[in-house]
Amino acid sequence: MDFSSKLLEQAVDEMSQLPGIGKRTALRLILHMLKQPESQTKQLADALTKLRTEIKLCKNCYNISDTDLCAICANPSRNSEIVCVVEDIRDVMAIENTDQYRGHYHVLGGKISPMDGIGPSQLSIKPLIEKVQAGKVEEIIFALSSTLEGDTTNFYIYRQLEGTGIKTSTIARGISVGDELEYADEVTLGRSITNRVPFENSTKN
Ligand SMILES: [Zn+2]
């Protein structure tokens, strides 16, 4: 792409670093911004900068949070003895939308994926195990997507929990589109949390 403006080229280059945004789309978005009032672009830039400097991970569940303890962990009416293990904040949002779950979460920050060089130590698995070993948890619900990576991660954690005597369950499968929690409809997802099954049963065919 030949640019007559270095400034435009630079903005397009930065924008096209985002996943799913090619140079053409980036150019379209940047040109759109130039047509908008300057204040709008400034608000976007400010929001992104503020996000990067002020965002935290909840010290209890590792979910993205504005405060040291996220709103879910800080809510005294939630049951901290039931912990739902998820990949990221999108899963938390999907499950929260169902209004069927009153426990806590533990956000792993990804899934074990040797292909992508992601091992257990890069995820927040250790603090989860420690929480269980400290006797603070009664039940762990595995709610990772049923992909190879999701299953591997579930099983790894399950093995780490052996001997702790903790109750483990998994959300009932049969979640529709692509098995991604994010895309599952609220009714189906809500039902699968309510009708969760013991984890041991889910690993048998
Ligand atoms: Zn939290």
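Residues numbered from 1 in each chain as written. Predicted model: local features only at pLDDT ≥ 70, side-chain atom pairs only at ≥ 80, totals over all residues. Heavy atoms only, no water.

(A) Structural context of the nonpolar core. Membership of the largest hydrophobic core comes to 19 residues, with the highest contact counts inside it found for Cys84, Val86, Ile95, Tyr101 and Tyr105. Within the residue set of this core, elements represented by two or more residues are helix H4 (71–74), strand E3 (79–86), helix H5 (89–98), strand E4 (103–107) and helix H8 (186–194). Membership of the second largest hydrophobic core comes to 18 residues, among which are Val83, Val85, Ile112 and Ile129. (Core = buried A, V, L, I, M, F, W, Y, C linked by side-chain atoms within 4.5 Å. Buried < 20%, exposed > 50% of the residue type's maximum accessible area, 1.4 Å probe, protein only. Helix = DSSP H or I, 4+ residues; strand = E, 2+ residues; numbered from the N terminus.)

(B) Structural context of the coordination of the zinc ion. Around the zinc ion, the donor atoms from the protein are Cys58 (SG), Cys61 (SG), Cys70 (SG) and Cys73 (SG), and they sit 2.3 Å away. Classification of the site at the zinc ion rests on its 4 donor atoms, whose angles at the metal span 107 to 117°, yielding the label tetrahedral. The sequence pattern formed by the donor residues of the zinc ion is C-x2-C-x8-C-x2-C. With cysteine 58 in the loop between strand E1 (56–57) and strand E2 (64–65) and cysteine 73 in helix H4, this pair connects stretches of sequence that are 15 residues apart. You'll find cysteine 58 and cysteine 73 in the same group, each marked buried. (Donors = N, O, S within 2.8 Å, 3.2 Å for Na, K, Ca; no water. Tetrahedral: all angles 85-135°; square planar, octahedral: opposite > 155°, others 65-115°.)

(C) Spatial organisation of the sheet that holds E3. In space, the 5 strands of this open sheet follow the order E4-E3-E5-E6-E7, with mixed pairing throughout. The open sheet has two free edges, formed respectively by E4 and strand E7 (197–198), since each of these has just one partner strand. Across 4 bridges, the pairing between E3 and strand E5 (residues 139–142) is parallel. Pairing of isoleucine 82 across the sheet is with glutamate 139, part of E5. Against the sheet, H5 makes contact with E3 and E4, and its axis sits at roughly 160° relative to E4, the strand it touches most. (Pairing = 2+ DSSP bridges. Contact = heavy atoms within 4.5 Å. Axes fitted to C-alpha atoms, helices over the stretch in contact; angles between N-to-C directions.)

(D) Geometry of the pairing of E5. Of the two faces of E5, both are covered, the one formed by Glu139 and Ile141 as well as the one formed by Ile140 and Phe142. Examined bridge by bridge, E5 and strand E6 (residues 167–170) share 4 bridges and lie parallel to one another. The residue bridging glutamate 139 from the neighbouring strand is lysine 167, located in E6. Regarding the hand of the β-α-β motif, the stretch spanning E5, helix H7 (residues 148–160) and E6 is right-handed. (Right-handed = clockwise from strand over helix to strand, strands pointing away.)

(E) Representation of the packing of helix H6 (residues 125–133) against H7 in the model. In contact at an axis separation of 10 Å, H6 and H7 are set at 35° when each is read in the N-to-C sense. Note that H6 runs across H7; the crossing there is right-handed. Where H6 abuts H7, its residues Ile125, Leu128 and Ile129 lie against Tyr156, Ile157 and Gln160. By residue class, the composition of the contact of H6 with H7 is 5 nonpolar, 1 polar and no charged. (Left-handed = near helix turned anticlockwise from the far one by under 90°. Nonpolar A, V, L, I, M, F, W, Y, C, P; charged D, E, K, R; others polar.)

Function-wise, these values are silent; they only describe arrangement.
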